[in-house]
Amino acid sequence: MKTSIIIPVYNDPEGLGVTVDSLLNQTATDYEVVIADNGSTDETAAVGREFAQSDRVRHVVEEDVQSSYAARNAGIEVARGDILGFVDADMWVETDYVESVTDKMTADDRDYMGCNVELVTDDGTIGRYRSTTGFDVEKYVREKRFAPTCCVVTRKRVFDAVGLFDSRLRSNGDLEFGRRVHEAGFDLVFEPDITLYHPARSTVGELIAQSTRIGRGRGEIRAYHGDRFSVQTTLNPRHYLPVNPIAFHERVSGAYRSLTEFLLWYLLACIQKWSITGGYLRQTVSSPMDAPDPR
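Residues numbered from 1 in each chain as written. Predicted model: local features only at pLDDT ≥ 70, side-chain atom pairs only at ≥ 80, totals over all residues. Heavy atoms only, no water.

*Asks:* So, the overall build of the protein: which residues are in play, and what are the values?
*Replies:* In terms of helices and strands, the protein carries eleven helices and eight strands. Over its C-alpha trace the protein gives a radius of gyration of 19 Å, about what one expects of a compact globule, namely 19 Å for 295 residues. Its C-alpha atoms give the protein principal-axis dimensions of about 50 × 45 × 40 Å. The buried share of the protein, taken over its 295 residues, is 52%. Sequence separation of 24 or more characterises 78% of the internal contacts of the protein that already satisfy a separation of 6 or more. Per element, the accessible surface of the protein, about 13,700 Å² overall, is 49% carbon and sulfur. Of the charged side chains in the protein, 33 are positive and 45 negative, and the gap between their average positions amounts to 7 Å. (Helix = DSSP H or I, 4+ residues; strand = E, 2+ residues; numbered from the N terminus. Rg over C-alpha atoms; globule rule 2.2 N^0.38 Å. Buried < 20%, exposed > 50% of the residue type's maximum accessible area, 1.4 Å probe, protein only. Contact = heavy atoms within 4.5 Å. Areas by Shrake-Rupley, 256 points an atom, 1.4 Å probe, with all protein chains shown as cover. Lys, Arg positive; Asp, Glu negative; His and termini not counted. Charge placed at Lys NZ, Arg CZ, Asp CG, Glu CD.)

*Asks:* Help me get a handle on the environment of A147, residues and values and all.
*Replies:* Summarising the element assignment, A147 is placed in the loop between helix 6 (137-144) and strand 7 (152-155). Taking the relative accessible area as the measure of exposure, A147 reaches 1% and is therefore buried. Taking the C-alpha atoms as reference points, A147 and E77, 70 residues apart in sequence, are found 21 Å from one another. Ignoring sequence-local partners within four residues, the contact set of A147 consists of Y112, G114, V137, V141, V152 and D174.

*Asks:* Break down the pairing of strand 8 (residues 188-199) for me, with residues and values.
*Replies:* Here strand 5 (residues 92-93) pairs with strand 8 via two bridges, running antiparallel. Following the sheet pairing, W92 is matched in strand 8 by Y197. (Pairing = 2+ DSSP bridges.)

*Asks:* Lay out the packing of aromatic side chains with the relevant residues and their values.
*Replies:* Here the structure, examined in full by the defined rule, presents 14 aromatic pairs. Relative to F165, the ring of F86 has its centre 5.7 Å away and its plane inclined at 85 degrees; by these criteria the two rings are edge-to-face. Residue F86 is found in strand 4 (residues 83-86), and its partner F165 is found in the loop between helix 7 (156-162) and helix 8 (173-183); the two are separated by 79 residues along the sequence. Residues F86 and F165 agree in their burial class; the two are buried. Among the aromatic side chains, those forming a connected cluster through ring pairs are Y69, F86, Y112, F159, F165 and F177. Looking at R56, its charged tip hangs above the ring of Y31, at a distance of 4.2 Å from the centre. R168 extends its terminal NZ or CZ atom over the ring of Y224, reaching a point 4.2 Å from the ring centre. (Phe/Tyr/Trp six-rings, centres within 6.5 Å; stacked < 30°, edge-to-face > 60°. Lys NZ or Arg CZ within 6 Å of the ring centre and 35° of its normal.)

*Asks:* Quick one: what's the story with the side chain of D111, residue by residue and with numbers?
*Replies:* Along the chain, D111 turns up in the loop between helix 4 (97-107) and strand 6 (112-120). With a relative accessible area of 13%, D111 lands in the buried category. A polar atom in the side chain of D111 sits 2.7 Å from the side chain of R157. The contact partners of D111, leaving out residues within four places of it in the chain, are M105, V153, T154, R155, R157, V158, F186 and D187. (Polar contact = N/O pair within 3.5 Å; in protein donor to acceptor, adjacent residues only side chain to side chain.)

*Asks:* Quick rundown of the packing of helix 9 (residues 204-225) against helix 11 (residues 259-286)? Include the residues and the values.
*Replies:* At a minimum axis separation of 6 Å, helix 9 and helix 11 run at an interaxial angle of 40 degrees. The angle between the axes of helix 9 and helix 11 places the two elements in the oblique class. For the element pair helix 9 and helix 11, the recorded crossing hand is right-handed. In this structure, helix 9 contributes V204, L207, I208, S211, T212, I214, G215, R216, R218, G219, E220 and R222 to the contact, and helix 11 contributes L268, I271, Q272, S275, I276, G279, Y280, R282, Q283 and S286. Here the residues of the contact of helix 9 with helix 11 sort into eight nonpolar, nine polar and five charged. (Axes fitted to C-alpha atoms, helices over the stretch in contact; angles between N-to-C directions. Parallel < 35°, antiparallel > 145°, perpendicular 65-115°, else oblique. Left-handed = near helix turned anticlockwise from the far one by under 90°. Nonpolar A, V, L, I, M, F, W, Y, C, P; charged D, E, K, R; others polar.)

*Asks:* A description of unusual backbone geometry should follow, citing residues and the corresponding values.
*Replies:* We note that N11 has phi near 50 degrees; this positive angle belongs to a residue other than glycine. With respect to the element layout, N11 can be found in the loop between strand 1 (3-9) and helix 1 (13-24). For D109, which is not glycine, the phi dihedral falls at a positive 50 degrees. Given a relative accessible area of 47%, D109 falls into the partly exposed group.

*Asks:* Give a detailed account of helix 10 (residues 245-252), specifying residues and quantitative values.
*Replies:* Of the residues that open helix 10, the one with a side-chain oxygen 2.9 Å from the backbone nitrogen of I246 is N244. One or two positions beyond helix 10, positive phi appears at G254, with a value near 90 degrees.

*Asks:* Mind laying out the sheet that holds strand 2 (residues 31-37), listing which residues take part and the relevant values?
*Replies:* On the basis of which strands lie adjacent, the open sheet formed by eight strands has the order 3-2-1-4-7-6-8-5 and mixed pairing. Either end of the sheet is taken by a strand with one partner, and the two such strands are strand 3 (57-61) and strand 5. As paired elements, strand 4 and strand 7 share three bridges and run antiparallel to each other. Of the residues in strand 7, the one forming a bridge with L84 is T154. Contacts from helix 6 reach strand 6 and strand 8 within the one sheet, and its direction differs from that of strand 8 by about 145 degrees. Its contacts with the sheet place helix 8 against strand 6 and strand 8, and it is angled at close to 150 degrees to strand 6.

Have a look at this one:
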């Protein structure tokens, strides 16, 4: 078995169906799909078991720890492939995705690769905002030394060398793991020719929920990895200021259609920033500082 594709999922039967269907329609033949269910409480588990009737698909459940990284770890532990790709439930890929991933990792003997992500959305204000300000995987890999777990591919030997994902984290676990991989001397590569498709958040509520989770992940990073990451405390006034309007304009210049749309996008950016701060504050108050490292 050359390649295993791991899909973490929690209470998303429709999204899981979309992802697995695209992964079963592949030009490659020497691969498996591992569904890693994080203890879903709806029909997701039944959908996963139904897919697992195929020889191509395996189904594992992680219900002790509520964390997408714990689910991914459960998938890693049963995966039979040497190359491990991660795709979030609700995403989809091209028919040559597995073949391309396997070829790129094998031809250049790569250790860790981040693929391109295209946000798919409607033409509304929020959708256009998200597609404009979404995943810049190349910048993440080049400057921050990580790729989001929705599009990362790595070797099993990398996990053997540096350990699994930190299952205590609800967000930023991809950053923590990628930095660990980089510090261990492995090469991190961005691959622009492989694209995965991700539905963008389309409501203000979804943006707030996502940003709050990111903020809580920031608090966890500070609590558990403060010796390795420089994270400003919640007392820093910059957390509470609006987004820098000049920097934001430079970021989205040429993408917005009118001054009104720009102002709405700027408001959304401020809402996201303050939601991250709110999540950070909440996590700082509630985080158990003495939780052991599970790796």
